[in-house]
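Each chain, letter by letter, is given below.
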Amino acid sequence: MLTRTFHYVDGDGRPGSYTDRKRHLWLLSVVYPLSPVFAVALHALTGRDWMLAFPLVFGYVVVPMLDALFGEDRSNPPEQTVPELENDRYYRLLTWLTVPLHVVSLVVAAFWAATQGLGPAAWITLALVAGMASGLAVNTAHEMGHKHTRIEQWLSRLALAVPAYGHFTVEHNFGHHRHVATPEDCASARMNESIYRFALREMPGGVFRAWRIERRRLARRGRSAWSPQNTILQSWLMTLLLQVGLVMALGWTTLAFLFIHNLFAWFQLTSANYVEHYGLLRRKDEAGTYERCRPHHSWNSNHVFSNLLLFHLERHSDHHANPNRRYQSLRHFEDLPQLPTGYFGMFVLAYLPPLWFRVMNRRLLGLPHIAGDLAKVNR
């Protein structure tokens, strides 16, 4: 299962073969959400509080270094293999397996925080570590939420229940994808907008937009917004069961732990949104209609290591142009807006706005389709 060769015939009738060299390495995307469990294990083995911060150091320091070390992979699977590649059950089983691991990570972290008498710094650190891992739950849900199978839709809602982000699939699929790279999109950052100002617009904006979209969908079917068919409420109910259950089992201090966890998990998704479309703009035609979303309306990254931790999320340009493609078949295109490093390094850069503007504004204005023209920038 960990190795497989796909055979095909090219457009000229010549036989060929393709082997996904990263096939077994996608397991990193499954294991990485367990980082809070690893932190708790290190703390239990050493008794040192600072070991709880290991996942934060790994994510924000080590991963960017490994991205620099391993570089980029710009290879694509042959198009003739894509139908068979996407029907290979192995790849989707990895995303399915990841969902319960997100739940396990939160439960273990909350239990450790409630029972070990941690000092304030260690307790907050563990809440942040748990939130960082649950931000990955949104990424897992993102991959499955675009798919039309019943099991993937429900697993997506369960994954989103971990960080209380149940509105995401509705907002992302029917709000963000429709309005991406336009001033109308609360999830597309504008030039010279700091990530902190963006977060104040994007976080509440996403919730309100998702609720409007779902309310209208249900109204068209003659149902109330509070109907059991409301997919946002379905995920929020799972959140209620999970997080209220943790509070009842572990005590009221867990409520504060979950608040920090949820907020930091939300901020991880906000960080990704900020990086993915910063300053990019789709043009309007004479009738005032935006052009179709194309690969150059998203920032792209082919950095190997961080992509292996994120189910290829960083090949975001192909994702937005072809949202139903599964992660294993997302492609690199030439002449795309390219990030200088993977998402983890870009997050650190974004958290320092003067440095972000210095690096990214130059890249934005230097893109061939913008060529310094501010009229072609989202600002």
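This text gives an overview of the structure that appears in the document.

Calculation notes
- Residues numbered from 1 in each chain as written.
- Predicted model: local features only at pLDDT ≥ 70, side-chain atom pairs only at ≥ 80, totals over all residues.
- Heavy atoms only, no water.
- Axes fitted to C-alpha atoms, helices over the stretch in contact; angles between N-to-C directions.
- Helix = DSSP H or I, 4+ residues; strand = E, 2+ residues; numbered from the N terminus.
- Parallel < 35°, antiparallel > 145°, perpendicular 65-115°, else oblique.
- Contact = heavy atoms within 4.5 Å.
- Nonpolar A, V, L, I, M, F, W, Y, C, P; charged D, E, K, R; others polar.
- Patch = residues over 30% accessible without salt bridge, like charges linked within 9 Å, V, L, I, M, F, W, Y side chains within 5 Å.
- Areas by Shrake-Rupley, 256 points an atom, 1.4 Å probe, with all protein chains shown as cover.
- Salt bridge = Lys/Arg side-chain N within 4 Å of Asp/Glu carboxyl O.
- Lys, Arg positive; Asp, Glu negative; His and termini not counted.
- Charge placed at Lys NZ, Arg CZ, Asp CG, Glu CD.
- Buried < 20%, exposed > 50% of the residue type's maximum accessible area, 1.4 Å probe, protein only.
- Core = buried A, V, L, I, M, F, W, Y, C linked by side-chain atoms within 4.5 Å.
- Polar contact = N/O pair within 3.5 Å; in protein donor to acceptor, adjacent residues only side chain to side chain.
- Phe/Tyr/Trp six-rings, centres within 6.5 Å; stacked < 30°, edge-to-face > 60°.
- Lys NZ or Arg CZ within 6 Å of the ring centre and 35° of its normal.
- Expected span 1.5 Å × (residues − 1).
- Bend = angle between axes of the 7 residues up to and from the residue.

Once that is clear, we can look at the packing of helix α9 (residues 195–220) against helix α10 (residues 231–250). The geometry of α9 relative to α10 is characterised by a closest axis approach of 9 Å and an angle of 120° between their N-to-C directions. Between α9 and α10, the crossing angle belongs to the class labelled oblique. Counted together, Ala210, Trp211, Glu214 and Arg217 of α9 and Thr231, Ile232, Leu233 and Trp236 of α10 form the full contact between these two elements. Grouping the constituent residues of the contact of α9 with α10 by class yields five nonpolar, one polar and two charged.

So, about a positive patch on the surface. There is a patch of like positive charges on the surface, built from Arg178, Arg212, Arg215, Arg216, Arg220, Arg221 and Arg223. Per-element tally for the positive patch: the top contributor is α9, with four residues. Of note, Arg221 is situated in the loop between α9 and α10. You can call Arg221 exposed: its relative accessible area is 54%.

With that out of the way, let us pick up the nonpolar core. The biggest cluster of nonpolar side chains holds 54 residues, and the ones touching the most others in it are Tyr274, Tyr278, Trp299, Leu309, Tyr343, Trp356 and Leu364. Per element, the largest residue contribution to this core is seven residues, and it comes from helix α11 (residues 253–277). Contacts of Leu309, omitting those with residues within four sequence positions, involve Leu28, Ser29, Tyr32, Phe58, Val63 and Phe344. Within the second largest apolar cluster, 20 residues are counted, among which are Leu106, Trp112, Trp123 and Leu258.

Once that is clear, we can look at a nonpolar patch on the surface. On the surface, Leu237, Leu240, Leu241, Val244 and Met248 cluster together to form a nonpolar patch covering roughly 540 Å² of accessible area. Here Leu237 lies in helix α10.

A word on the side chain of Ser227. Structurally, Ser227 can be placed in the loop between α9 and α10. Only 2.5 Å separates the side chain of Ser227 from the side chain of Gln229, close enough to count as a polar contact.

The next subject is the pattern of salt bridges. One pass over the structure, following the stated rule, counts 17 salt bridges. Salt-bridge contacts for Asp12 lead to Arg14; the nearest nitrogen and oxygen are separated by 3.1 Å. A salt bridge links Glu72 to Arg74; the shortest N-O distance between them is 3.6 Å. Each of the salt bridges in this network shares a partner with another, and the network as a whole consists of Arg4, Arg23, Glu84 and Asp88.

Counted by the stated rule, this structure contains 23 aromatic pairs. Arranged with centres 6.5 Å apart and planes meeting at 10°, the rings of Tyr196 and Phe267 form a pair that is stacked. Here the residue Tyr196 occupies a position in helix α9, and Phe267 occupies one in helix α11, the gap between them amounting to 71 residues. An aromatic cluster is built from Tyr32, Phe54, Phe58, Phe70, Phe305, Tyr343, Phe344 and Phe347, whose rings are joined through pairwise contacts. When the ring centre of Trp154 is taken as reference, the NZ or CZ atom of Arg157 above it lies at 4.6 Å.

A word on helix α5 (residues 89–115). Here α5 contains 27 residues, and its C-alpha end-to-end distance of 40 Å stays within 8% of the 39 Å for a straight helix at 1.5 Å per residue. Put simply, Asp88 is the residue that caps the front of α5, since its side-chain oxygen is 3.0 Å from the backbone nitrogen of Tyr90.

Let's shift gears to α9. Between its first and last C-alpha atoms α9 spans 36 Å; for 26 residues at 1.5 Å apiece the expected length is 38 Å, and the two agree. Of all the bends in α9, the largest measures some 30° and sits at Gly205. Looking one or two residues beyond α9, the residue adopting positive phi is Gly222, at roughly 75°.

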